[in-house]
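So the chains spell out like this:
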Amino acid sequence: MAVTLTTVLLNSHFLGDTGLGEVALLQFGLLLVTGMAGFVASGAVVYVRRSHRARDIRKVAYLWCGVSAIVASEIGVELDVIPSEWLYASAGLGLLQSLVVFHSQLLIASGRIRSNNYLQIAQTSTLLLSVFVTYILFDIATPRGFMWALTGALTVTLLYSLFALKGSWEEGPTSGKEDKNAPGGLLLKYGAQGSTGSVLQLLTNRANLSLLDHFIGAAGAGVYSVVYYGVEAVWTVARALAPIVNTEVASASSREARYSITRRYLHRTLLLTLPLALLAGLIPESIYTWIFGIEGISLPLRILIPGMLAGATSSILAHHLSAIGLHKWNAITSGIGLFVLVGVGWFVVPLYGVPGAAFAASCAYLAQTSGLAIAFFKTDRKER
């Protein structure tokens, strides 16, 4: 959280709200690529590693990441959600990030949560260092300078992830039972369900940027990008605990144990997230303006407090459902969230700008979490 905050501060002071908007759209393109790559090389990896070695999964995942980099970036430009000048950057950076995500999932699958956390810290820390060097030492304080900083950070992170996985490619399946069939079909089957949800979730989280850019310009998207960084900071606890839920639920020996694990981590998540959400909303606007040099951050964060709590809850519930092979619910509820976001945002963003986008996002997160809660309790009763 501290490192990411420092990076955001550098961006806000050197790039301004318009530059932040351009950077946010670049990152949107990167995430579209990783979203498509996730149809094979993301969440389903943890599930498929139960029956296959890492070496069997690697070739299929690497090939799919390459295809995704080309296809997803082209689609993003054609749909006008990625500016055409970011086409090649989105493809290249998306490929690097997709490979890092795949390696991260392999670490999670083997229960090496600490190593996975070190990997995330390596990415955020090297990005901060790269941004500092690019903006201050090389005096390239532009969105394109950020692109080169991100390229350096992701390259270092990819090399670190390969080092972290050294010697683990030959390890047996995590369940102890090996399936001799090719893993491609399983990866696509479960990955398609999970990553449909991931892509829809990405659009739910980031579509506000495109709405704001369309209705009030890049400056509005830039302000919301800072607001959303605040939301992601509050979600740090949930995102740190969610992979543990995935791993422990997937390896639990009984139905009762699975639901006990999820309820325990859900309680911890909300207990730690609530103070962070309240703190983010209670900080006065003058403090945010002094820190970021941009006005209009406090009110959207207050409007997003219910959404922050809902998003933290949904992260835990979604990983529980993924761990028991019910990836489809993540796709269904993410689709509901996106529908609510666009439906509400199309009317309130032109009228209220960034606060309207925050209201639309809160409505979307609450709708999504309600759907996941229904799925969780429905499967709980069915299994019992």
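Structure: see above.
Draft legend 1. Region of the structure containing the pattern of salt bridges. Summed over the entire model, instances satisfying the criterion amount to three salt bridges. Among the ionic pairs, Asp56 bridges to Arg55, the shortest N-O distance being 3.6 Å. Residue Asp56 is classed as partly exposed on the basis of its relative accessible area of 27%. Between Glu248 and Arg264 there is a salt bridge, and its shortest N-O distance comes to 3.7 Å. Taken as a pair, Glu248 in helix H9 (residues 236–251) and Arg264 in helix H10 (residues 255–282) lie far apart in primary sequence, 16 residues in all. Classification of Arg264 by relative accessible area gives partly exposed; the value is 34%.

Draft legend 2. Summary view of the nonpolar core. Leu26, Leu93, Phe102, Leu106, Val131, Phe146 and Leu150 are the most contacted members of the largest nonpolar core, which has 45 residues in total. Those elements that provide at least two residues to this core are helix H1 (2–41), helix H2 (44–48), helix H3 (54–78), helix H4 (87–109), helix H5 (113–137), helix H6 (143–164) and helix H7 (184–215). Element by element, the count of residues in this core is highest for H1, at ten residues. For Leu106, the residues in contact, after removing those within four places along its chain, are Val45, Arg49, Ala54, Leu165 and Trp169. Core analysis: the second largest hydrophobic core is formed by 41 residues, Met308, Val348, Ala364 and Tyr365 among them.

Draft legend 3. The side chain of Ser225, seen in detail. Looking at the element boundaries, Ser225 is found in helix H8 (residues 218–234). Within polar-contact distance, the side chain of Ser225 engages the backbone oxygen of Gly222 at 2.6 Å. Contact partners of Ser225, with chain neighbours within four places excluded, come to Leu20, Ala24 and Leu209.

Draft legend 4. Local environment of a nonpolar patch on the surface. On the surface, Phe14, Phe132, Ile136, Leu137, Phe138 and Ile140 cluster together into a nonpolar patch covering about 590 Å² of accessible area. With respect to the helices and strands, Phe14 occurs in helix H1.

Draft legend 5. Examining the side chain of Ser104 more closely. Within the secondary structure layout, Ser104 lies in helix H4. Ignoring sequence-local partners within four residues, the contact set of Ser104 consists of Asn116, Leu119 and Gln120.

Draft legend 6. Just the packing of H9 against helix H13 (residues 305–323), in detail. Where H9 meets H13, the axes come as close as 8 Å, and the angle between the chain directions of the two elements is 20°. On the basis of their axis angle, the class for H9 and H13 is roughly parallel. H9 and H13 meet at a crossing whose hand is right-handed. Facing H9, whose interface residues are Ala238, Leu241, Ala242, Pro243, Val245, Asn246, Val249 and Ala250, H13 presents Ala312, Ser315, Ile316, His319, His320 and Ala323.

Conventions we followed
- Residues numbered from 1 in each chain as written.
- Predicted model: local features only at pLDDT ≥ 70, side-chain atom pairs only at ≥ 80, totals over all residues.
- Heavy atoms only, no water.
- Salt bridge = Lys/Arg side-chain N within 4 Å of Asp/Glu carboxyl O.
- Buried < 20%, exposed > 50% of the residue type's maximum accessible area, 1.4 Å probe, protein only.
- Helix = DSSP H or I, 4+ residues; strand = E, 2+ residues; numbered from the N terminus.
- Core = buried A, V, L, I, M, F, W, Y, C linked by side-chain atoms within 4.5 Å.
- Contact = heavy atoms within 4.5 Å.
- Polar contact = N/O pair within 3.5 Å; in protein donor to acceptor, adjacent residues only side chain to side chain.
- Patch = residues over 30% accessible without salt bridge, like charges linked within 9 Å, V, L, I, M, F, W, Y side chains within 5 Å.
- Areas by Shrake-Rupley, 256 points an atom, 1.4 Å probe, with all protein chains shown as cover.
- Axes fitted to C-alpha atoms, helices over the stretch in contact; angles between N-to-C directions.
- Parallel < 35°, antiparallel > 145°, perpendicular 65-115°, else oblique.
- Left-handed = near helix turned anticlockwise from the far one by under 90°.

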